[in-house]
Structure formats: C-alpha cells, structure tokens
Amino acid sequence: MGYSKEELLTRLKELQIEYAICEHPVVLTVDAQQAKYVGHLGGALSKNLILKDKKHRFYVVSALASTNVDLKVLSQRLGLGKGGLRMAPEEALKELLQVPLGCVTPFALINESARTVSLLLDQGFKAQERCLFHPLSNDTTISLAARDLDKFLISVGVQPSYVDLQANPVVGKDQAPDLAALVPSGASALSDPVEKKTQMKIPSDNHVESAEVKGKVKVQPIAAKGSVEKPSCGRASLASVTDVKKFVDDIIEKTSKAVLSEVNNESPKVPNDQLVLDGVRKHIGLDLENVAMIFKNAAYTQGFLAGRESASLNK
C-alpha cells in the first residue's frame, strides 16, 4: 500500500519544509483548479502527466499550467522517435504511483513502486516563488517553494531534473537527443490487464493534475490538521465532468484563446491561415485530448454504474 496524504505531510514536517495547504472538493482538471479555487494561493499552478514509451518505461512530466507540452517533440528529445510517448494506462497510477485518477504528482515518487519512473520537471518552476501540487490526493493542494520540492525529492533518492519543456532542439544524425539521459534504465512491471476484466475502473489515458478549494485557506509551516477522507470518483464528480454544456464551453474557450494568441502574434503581421491553424493545434491539441478523454471515461463509468444498479434491482 502506498503512502497516504497524511503520511506525506508528516514527511514534509520531518524535513522542516514549510507549505500552505488548501482542502477542497475532488476535482479532475487543472482548469477547474485555476478558475474557481486555488488561484488565490498566489503560487504557480501545475499540470502533471504520466506517460509511457513502447518499452514500458514510465515518465511523470510536471509542468506549469501555462506550459505547452508537445509529446512528439518530447519523445524525439528523449530519443524515442516521434511516436514513442503516449498516455499511460490507469493501472500505472494505481500500481506504480499508487494514487487515484487525477492525482499525478511529483510527490508520488515517495512510493517504492515509483522509483523506476523518470521525473521531468518544468524549468519554469524555478522562476516561481511558490508552486502548487497535490499531496497524493486531489482534494487538497499545497503550495511550496521549488527548492523545497527539490529537498523532498532528494530525500527519497530522486535527483531533480529541470527541463525546458517548450524547447524544440534539432535531433538528428549530428545532434543527439538532449534528454536521452532521462530515459529510465529498465521497464516497470504492471499486472496483466486481462486479469482485471471483472473489475470496473475509469479507463483513463489522461492524468492532468488539478486541485481546488472554496472556503478558508490554512497556512501551516508543517502539516495538515486531522484526517481527510480519501478522494473518490463518486456520482457528483462524474456528473461534473459529463456536463455536455461545460464540455463544449471548455473546448470553445480553449480554441478561442489559442486562435487569439496566434492572430495577435506580432510576427507575421498578417497571419497565414495555415500557420494560425498549426499554431492552434500546437497550443490546444493535448489539452483537448485530455478534456475529451476525461469526458469519455466519466460517461463510460456512469453507464456502467447505471447498468449495475439496474441489474441489482432486477435480482
């Protein structure tokens, strides 16, 4: 069994790491976190992904919410080819990181099962006074300095690796992949998914980090008070991410921002249509995949739960 939120916060206390903490409803997307809840903490929001390559090696990418992460470019920089990276299956969250859906975080590397996972941190964190992450649970967000995140990672045997995730260096015959050293040396073993056919899960390929909270903000130099019920994917959470109007509004908002960003770009002054479209795809492609995947997974799970209840009533 992996570390709990309370155990992690105790570990931070032992390391004398100061942080601010916010407790809030379970949320699944960084957009919800930024728009409604924890923006007032004054730190930089993060989005976190768990990825895998064709050799079953796993990577956690932790980036500023505003950073555009191009998986094709990142894959080439790691020496994996253009299509070498993809979203990891949900089994990776449970068995490697040992966290629920929506709880990907650098802090998960405290678990022994995650020690083979490669962690890539956005170098943008270093320019921030405070950074916001989930402490193994997406009903809570903590704010701490990047140097204290480094202190924690080093304490669990992980050397922090900061990367310019928006860079696009040439990779070719005369230019070696600049991030090849961050590829894990061995594959991580996951249980055979065939054995789990009878267990229903939310089959997620998207693990964008987020967290939010209404109400009081508790600032504590050490740890949270009391225990908090572990996050779950209940009906209320599912209903919030299967709201069709909200789903469409999110797509329109993301597309509008990306289009305006490209059109308002000073160079060229008169934007070429194809350049604008390519820029929009680069800015929101991954975000829209994430939103669509969350919608798909939640809708699938709602259907399963409804079918299970119906079968139970007919017994």
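So, how was this worked out
Residues numbered from 1 in each chain as written. Predicted model: local features only at pLDDT ≥ 70, side-chain atom pairs only at ≥ 80, totals over all residues. Heavy atoms only, no water. Helix = DSSP H or I, 4+ residues; strand = E, 2+ residues; numbered from the N terminus. Buried < 20%, exposed > 50% of the residue type's maximum accessible area, 1.4 Å probe, protein only. Core = buried A, V, L, I, M, F, W, Y, C linked by side-chain atoms within 4.5 Å. Salt bridge = Lys/Arg side-chain N within 4 Å of Asp/Glu carboxyl O. Pairing = 2+ DSSP bridges. Contact = heavy atoms within 4.5 Å. pLDDT = per-residue confidence, 0-100.

Our next topic: the environment of Asp-122. Looking at the secondary structure, you find Asp-122 in strand E5 (residues 118–122). The class of Asp-122 is buried, set by a relative accessible area of 4%. As a C-alpha pair, Asp-122 and Ala-63 span 59 residues in sequence and 4.7 Å in three-dimensional space.

Moving on, we come to the nonpolar core. Of all hydrophobic cores here, the largest spans 41 residues; its most connected members are Leu-12, Ile-50, Leu-97, Phe-107 and Phe-152. Of all the elements in the fold, those that place two or more residues in this core are helix H1 (5–14), strand E1 (19–23), strand E3 (58–64), helix H4 (90–97), E5, strand E6 (131–133), strand E7 (140–144) and helix H5 (146–155). One finds Val-61, Leu-71, Leu-120 and Leu-165 within the second-largest nonpolar core, a separate group that totals 17 residues.

What follows covers the pattern of salt bridges. Tallied over the entire structure, the rule returns four salt bridges. The residue Lys-5 makes a salt bridge to Asp-139 at a minimum N-O spacing of 3.5 Å. With a gap of 134 residues between them, Lys-5 in helix H1 and Asp-139 in the loop between E6 and E7 connect regions that are remote in the sequence. For Lys-5, a relative accessible area of 7% gives the class buried. Residue class for Asp-139 comes out buried when judged on its relative accessible area of 5%. The salt bridge partner of Arg-115 is Glu-112, with a shortest N-O separation of 3.5 Å.

A few words now on the sheet that holds strand E4 (residues 85–87). Taking strand neighbours across the sheet as the criterion, the five strands line up as E4-E2-E3-E5-E8 in an open arrangement whose pairing is mixed. The open sheet has two edge strands, E4 and strand E8 (162–163), and neither has a second partner. Summarising the sheet, strand E2 (residues 46–53) and E3 pair through seven bridges and their orientation is antiparallel. The residue of E3 that forms the bridge with Lys-52 is Phe-58.

Secondary-structure assignment places Lys-82 in the loop between helix H3 (71–77) and E4. Sequence separation between Lys-82 and Lys-72 is ten residues, and the spatial gap between their C-alpha atoms is 4.8 Å. In this view, Lys-82 contacts Lys-72, Ser-75 and Gln-76; residues no more than four positions away in its chain are not counted.

The subject of this paragraph is the confidence of the model for the chain. Looking at the chain, the pLDDT average stands at 77 and 62% of residues meet or exceed 70. Put simply, strand E9 (residues 218–220) is where the chain has its lowest mean pLDDT, 44, and E5 is where it has its highest, 98. Confidence drops under pLDDT 50 across residues 192–237; counting only partners more than four residues distant or on other chains, this segment forms 147 contacts.

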